[in-house]
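# Close look at the chain arrangement
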Amino acid sequence: MPKKSARILLVEDDEDDYVIARDCLEELDEYTFQIDWVATPQEAFEKLKLNQHDICLLDYQLGALNGLTVLEQATEIRCRVPIIMLTGQSDKVLDKSALDAGAVDFIVKHELDSPRFARAIRYALARQEVENERLERINAETKSRSKDRFLAHLSHELRTPLTSILGYTELLLGTQKAEPVQDELNIILNNGKHLLSLLNDVLDLSKIAAKKLELNPATIHLNSFLVDIYTLMQITASDKGISLTLSSSTPLPNEIYSDPTRLRQILINLIYNAIKFTEKGSVDVVVKAKETSDNQYQLQFDVKDTGQGIPVEKLDKIFQPFEQVEDMVSRKEEGAGLGLAISSELASKFNGSISATSTVGTGSCFTAIIKCSATSNKQQSLLTLTKQLVNDKPTSLSPLQGRVLVVDDIPDIRMLIGHITQSFGLTVDFAENGKQALDKTIISLQSNTPYDAIVMDIHMPQMDGKEAVVAIRDQGFGGHVLALTAATMKGVEQQLKNLGFDSVISKPVDKVLLHSDLSKILAFTEPSLQTITPPSSSAPCFMLVEDDVDAAEITKLLLESMGAEVTVAHSAKQCRALLTSKDRWSKILLDVHLPDENGLDLAKHSQLQSYTDEIVIISGADIDKDTLQQHGAAKALLKPLNKDKLATLLN
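Residues numbered from 1 in each chain as written. Predicted model: local features only at pLDDT ≥ 70, side-chain atom pairs only at ≥ 80, totals over all residues. Heavy atoms only, no water.

To continue, consider the sheet that holds strand E6 (residues 83-87). Taking strand neighbours across the sheet as the criterion, the five strands line up as E2-E1-E3-E6-E7 in an open arrangement whose pairing is parallel. Each of the sheet's edge strands pairs with one partner strand only, and the pair in question is strand E2 (31-38) and strand E7 (105-108). When the angles between neighbouring strand axes are averaged without regard to direction, this sheet yields 25°. As judged from the eight bridges shared by strand E1 (residues 4-11) and E2, these two strands associate in the parallel manner. From the neighbouring strand, isoleucine 8 faces E2, where its bridge partner is isoleucine 35. (Pairing = 2+ DSSP bridges. Helix = DSSP H or I, 4+ residues; strand = E, 2+ residues; numbered from the N terminus. Axes fitted to C-alpha atoms, helices over the stretch in contact; angles between N-to-C directions.)

Axis separation between helix H7 (residues 222-240) and helix H8 (residues 260-276) bottoms out at 10 Å; the angle between their running directions is 25°. Here H7 is positioned roughly parallel relative to H8, judged by the angle of their axes. Read as a crossing pair, H7 and H8 show a hand that is right-handed. In this structure, H7 contributes Phe225, Leu226, Ile229, Leu232, Met233, Thr236, Ala237 and Lys240 to the contact, and H8 contributes Pro260, Leu263, Arg264, Leu267, Ile268, Ile271, Tyr272, Ile275 and Lys276. (Parallel < 35°, antiparallel > 145°, perpendicular 65-115°, else oblique. Left-handed = near helix turned anticlockwise from the far one by under 90°. Contact = heavy atoms within 4.5 Å.)

Moving on: the packing of aromatic side chains. For the structure on display, the rule yields two aromatic pairs. Centre to centre, the rings of tyrosine 18 and tryptophan 37 are 4.1 Å apart; their planes meet at 0°, and the pair counts as stacked. You can see tyrosine 18 sitting in helix H1 (residues 15-26) and its partner tryptophan 37 sitting in strand E2, a full 19 residues away along the chain. Among the residues examined, tyrosine 18 registers a relative accessible area of 14% and is labelled buried. (Phe/Tyr/Trp six-rings, centres within 6.5 Å; stacked < 30°, edge-to-face > 60°. Buried < 20%, exposed > 50% of the residue type's maximum accessible area, 1.4 Å probe, protein only.)

Next up on the list: the pattern of salt bridges. The tally for this structure, following the rule as stated, stands at 21 salt bridges. Of the charged contacts in the structure, one is a salt bridge between aspartate 36 and arginine 7, with a shortest N-O distance of 2.7 Å. Taken together, the residues span a long stretch of sequence, with aspartate 36 in strand E2 and arginine 7 in strand E1 at a distance of 29 residues. Residue aspartate 613 pairs with arginine 584 through a salt bridge whose shortest N-O separation is 2.6 Å. Here the residue aspartate 613 occupies a position in the loop between helix H18 (606-609) and strand E25 (615-619), and arginine 584 occupies one in the loop between helix H16 (572-578) and strand E24 (587-591), the gap between them amounting to 29 residues. Overall, arginine 584 belongs to the partly exposed group, its relative accessible area being 40%. Taken together, the shared-partner salt bridges in this structure form one network comprising Glu12, Asp17, Asp59 and Lys109. (Salt bridge = Lys/Arg side-chain N within 4 Å of Asp/Glu carboxyl O.)

In C-alpha cells, the structure reads:
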C-alpha cells in the first residue's frame, strides 16, 4: 500500500528536541512527512495563517513566551490546522489550558517514542482528512449552487430580449407591411430561434453535468418511431443530393419503453451530422436489437456515411462540448459542436454509449448502443418503411362535415391521410407540395369556397410547408392550418406555430388524435376568413407585471390578438396599485425578476391571491412545481413567450 504524505509544522526552539521529534515521526511507516521547522512564536503564527499544514506540533515553552499565545492567535484567525501541544512534563492545569485554547491533544516530550504519540498523530491526521473532505464538499456544493444561480440568471437575461425579437418578428411577418422585407425578417426569426436552440443545448449540458436531467420514458412503437425520423432526415439528405437508407439487420421489438424525446434527439444528431459532412454518396442507418436476460433490449444504431472522414487521433475529441475537427470541417458548416457531446451524455443516461470509427477520405461510422425496457408486447418484426397507425383502444368517432386540403409529397402518406379524413365524412382535396397547396387555396378563396382546414406536411420539394403557410396566410386565408411533421423535438412545435400553423400533428398519425383536432376546428370555426376581434366586455382580464418595456409590450400585443384585455405594470408597487382597479383579474402574470421585489415573493401575498383566479410566473429558467405551490402560483411560463405558450392561458 502506498504511503500517505503529510506536511507537519514543528514549532520548537530546542534543536535537540526537534531532532528527536523528527526521528519519531519518521518511524511511523504508513506516512511520509514533510517537516517545516520554526523556532519562534511569530514564525509559527505566520505559517499557521497560510493553512498549508496537516498538523502543527507546538512546544509549550518558546523562550520568554509560551505556546498558548500562538494557540490563542491561531484560534482568533480560525486556523484549520490541528495543533498538538508538546510539554516538558505532565501538568493537568497546563493540559486543560491547552485544550481550552484550541489544541486537539497534548504530548509530554518523553512520550514521543511511545505508542501514545503515534496514536495522537494518526488521530490528528484522520481528523484533518475528514475536515478537508468536508470543506471540499462544501466548496463543491457552493460552486454548484453558484453555477445554477448564474445559469438561471443568464437564461432569464437572454430569454427576455428573445421574447421581443421573436415576438415582434412574428407579428410583422403576419402583416402586409412585411412583404418588402420578408426575407430579412425570416432571417431574423430563424437566427433568433437558432440562438434559443443553442441556449437550450447549453442548459441541457448543464443539467447533465449537475445530474438534474431526468428521462421521461413512455411506450414507443419502434417501427413508426424510426420511420418518422427517416422521413424527416430524408429531406435534408435530398437537398444535398445524397441518398439516405434505413434498414434492420435483425427483427426489432414492436414496442419498447424509453424516453422518445431524448432517443430521437440522439438519432437525429447522428444522422444530421452524417448528412452535413457528406458531400456525395450515401448515409446508411442500420438497426439491430438483442433481448437481454433482464427483460430489456439492447438496440444498436450504426450510422455510416461516405463523407470526408475524421483522423483517428481526433475521434475522442469530437464528443467534447464545443469541439469540432477544424481541419476536416468546411467553414461553411454551422454548429457549435454541442450535438455529439449531448448525444454521448444522453446515451450514458440510457446505460449505453456512442463510439465512432473513421477513415479519412472514405467515411465514418457512428455506433449508438441504447438499453431500454421491454413492454408486455414482446412481438418482433423486421423494419419496414410503412407508416403504422397506433390506436390501442378502438374509439367510436362521430362523423364530421367539411372540406379539407391534404398536402404531402409522399403519395403513400398523402393517400393515407386522405383515407383517414374521408372516413370521418369529410370531403378531401389533395396537393403534392406547398406551391400546389398555395395555388389551390388561392382558387378556393377567389371562388368564395375556402377550405375548412389544411393538413400540410412540413418537408416538401418546390415549396415546403413553412414557406407555404406563410404564403397562404399572406393571401388572406384565416382558416386553420395543421402541420404534419415527424419532428417532435424541443421547440419545433413552437416554431411552426410562430410561422402560422394553428396546431401540430405528429407522425405517425394517430387517427383518434387527428379526429379530435379536426372536430374542434369544425365545431368552433366557420369555413370563412377569420379576423381578430377586439376584446369584449366578457374578455378575460389579465394583469402583466414585467419590468422590461419591450417584452411587456410584445406580450401584451400577443395576448390582445387572442382576445384578452391586458393591463401592464412594470414593478411590484405598480402591481399592488392596480389591484383594486378591477373587481377581479382572470390571471396575474408575474415576471420573476422585478426591480423592487422577486416575482415569487410577490405571488405569496394574500392581497394578490384574493384579487385573481390564478397567478402565473414568467421566468427565464425552469421552476419546479413544489416551488410554485409554496409561493401560491398555479403555473410557470418559460421565456421567450409566444402565441403558443400564451394561448394556454386562454384555454
